[in-house]
Amino acid sequence: MPLHSVSVAGVVVRDDGRVLAIRRADNGTWEPPGGVLELDERPEDGAAREVLEETGIHVSVERLTGVYKNMTRGIVALVFRCRPVDGVERTSEESTAVEWLTSKEVEKRMGAVYAVRVLDALAPAGTPYVRAHDGHRLLAST
């Protein structure tokens, strides 16, 4: 039986509404910082760790905003809204750029399956979104 992989991401929102994004070193795409959840790690802790590793920013994790499944690759991503508490932006081995983007810049620079994660996190607090995609496009719910 195939196994799923679990990843986590942090949508870090500043007081001015801008969102922390990275340009990935491996494929050049813009995404919220994130990565694979460690086996012995709580999801919120993993999101905070990934943000720090990839951007240099310490965050406070506020809430789960969405669950996203890549149906092609079997990856389940848990996305958390965070706020920055300390640190200075820097790149890492995994990122070639770190920037604070407006929601319009997110829509322009990020692929649909990543932009929706950020935009969902910017929506008013409520029930987390649950969405499926094929790696490029969102899939309609049944």
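This is a predicted model, so every value here is computed, not measured. (Residues numbered from 1 in each chain as written. Predicted model: local features only at pLDDT ≥ 70, side-chain atom pairs only at ≥ 80, totals over all residues. Heavy atoms only, no water.)

Q: Can you help me understand the overall build of the protein in this one?
A: Secondary structure summary: the protein contains 3 helices and 9 strands in total. Principal-axis analysis of the C-alpha atoms places the extent of the protein at approximately 40 × 35 × 30 Å. In the protein, which comprises 142 residues, the share counted as buried stands at 40%. Sequence-distant contacts, at least 24 apart, represent 65% of the contacts inside the protein between residues at least 6 apart. Summing over all exposed atoms, the protein offers an accessible surface of approximately 7,900 Å²; the carbon and sulfur share of this is 52%. Across the protein, the mean location of the 18 positive side-chain charges is 7 Å away from that of the 22 negative side-chain charges. (Helix = DSSP H or I, 4+ residues; strand = E, 2+ residues; numbered from the N terminus. Buried < 20%, exposed > 50% of the residue type's maximum accessible area, 1.4 Å probe, protein only. Contact = heavy atoms within 4.5 Å. Areas by Shrake-Rupley, 256 points an atom, 1.4 Å probe, with all protein chains shown as cover. Lys, Arg positive; Asp, Glu negative; His and termini not counted. Charge placed at Lys NZ, Arg CZ, Asp CG, Glu CD.)

Q: So what exactly am I meant to see when it comes to the pattern of salt bridges here?
A: If the charged atoms of two oppositely charged side chains come close together, the side chains can form a pair. Evaluation of the coordinates by the stated rule reveals 15 salt bridges. A salt bridge links Glu 38 to Arg 49; its shortest N-O distance comes to 3.9 Å. A residue pair is termed long-range when its members are at least 10 positions apart, and Glu 38 in the loop between strand S4 (34–36) and helix H1 (43–55) and Arg 49 in helix H1 qualify at 11 residues. Residue Glu 38 is classed as partly exposed on the basis of its relative accessible area of 41%. For Glu 44, the salt bridge identified is with Arg 42, shortest N-O distance 3.5 Å. We classify Glu 44 as partly exposed; its relative accessible area is 28%. (Salt bridge = Lys/Arg side-chain N within 4 Å of Asp/Glu carboxyl O.)

Q: Hey, could you run me through the pairing of strand S8 (residues 129–133) in this one?
A: Every regular strand shows the same layout, with side chains that alternate between the two sheet faces. Pairing of strand S5 (residues 57–70) with S8 involves 5 bridges; the strand directions are parallel. Within the sheet, the bridge partner assigned to Tyr 68 lies in S8 and is Arg 131. The pairing of S8 with strand S9 (residues 138–139) spans 2 bridges and is antiparallel. In the strand pairing of S9, Ala 132 is matched with Leu 139. (Pairing = 2+ DSSP bridges.)

Q: Help me understand the sheet that holds strand S2 (residues 19–24), please; the structure alone is not making it clear to me.
A: Strand pairing in a sheet is mediated by backbone hydrogen bonds. Such pairs are either parallel or antiparallel. Strand order in the open sheet made by the 3 strands is S3-S2-S7, with antiparallel pairing throughout. At either end of the open sheet lies a strand with only one pairing partner, and these are strand S3 (30–31) and strand S7 (95–101). Bridge count for S2 against S7 is 6 bridges, and the pairing is antiparallel. Note on S7: the bridge partner recorded for Leu 20 is Trp 100.

Q: Any chance you could explain the sheet that holds S4 here in plain terms?
A: Strand order in the open sheet made by the 6 strands is S4-S1-S6-S5-S8-S9, with mixed pairing throughout. Looking at which strands have only one partner, the edges of the open sheet turn out to be S4 and S9. Here H1 sits on the sheet in contact with strand S1 (5–12), S4, S5 and strand S6 (75–87), set at roughly 110° to S5. The sheet contacts of helix H3 (residues 112–122) involve S1, S5, S6, S8 and S9, and relative to S5 the element is tilted by about 125°. (Axes fitted to C-alpha atoms, helices over the stretch in contact; angles between N-to-C directions.)

Q: I would appreciate a short explanation of the packing of aromatic side chains in the present structure.
A: One pair of aromatic rings is described through two measures. These are the centre distance and the angle between the planes. Per the counting criterion, the structure on display carries 0 aromatic pairs. Lying across the ring of Trp 30, Arg 109 places its NZ or CZ 4.9 Å from the centre. (Phe/Tyr/Trp six-rings, centres within 6.5 Å; stacked < 30°, edge-to-face > 60°. Lys NZ or Arg CZ within 6 Å of the ring centre and 35° of its normal.)

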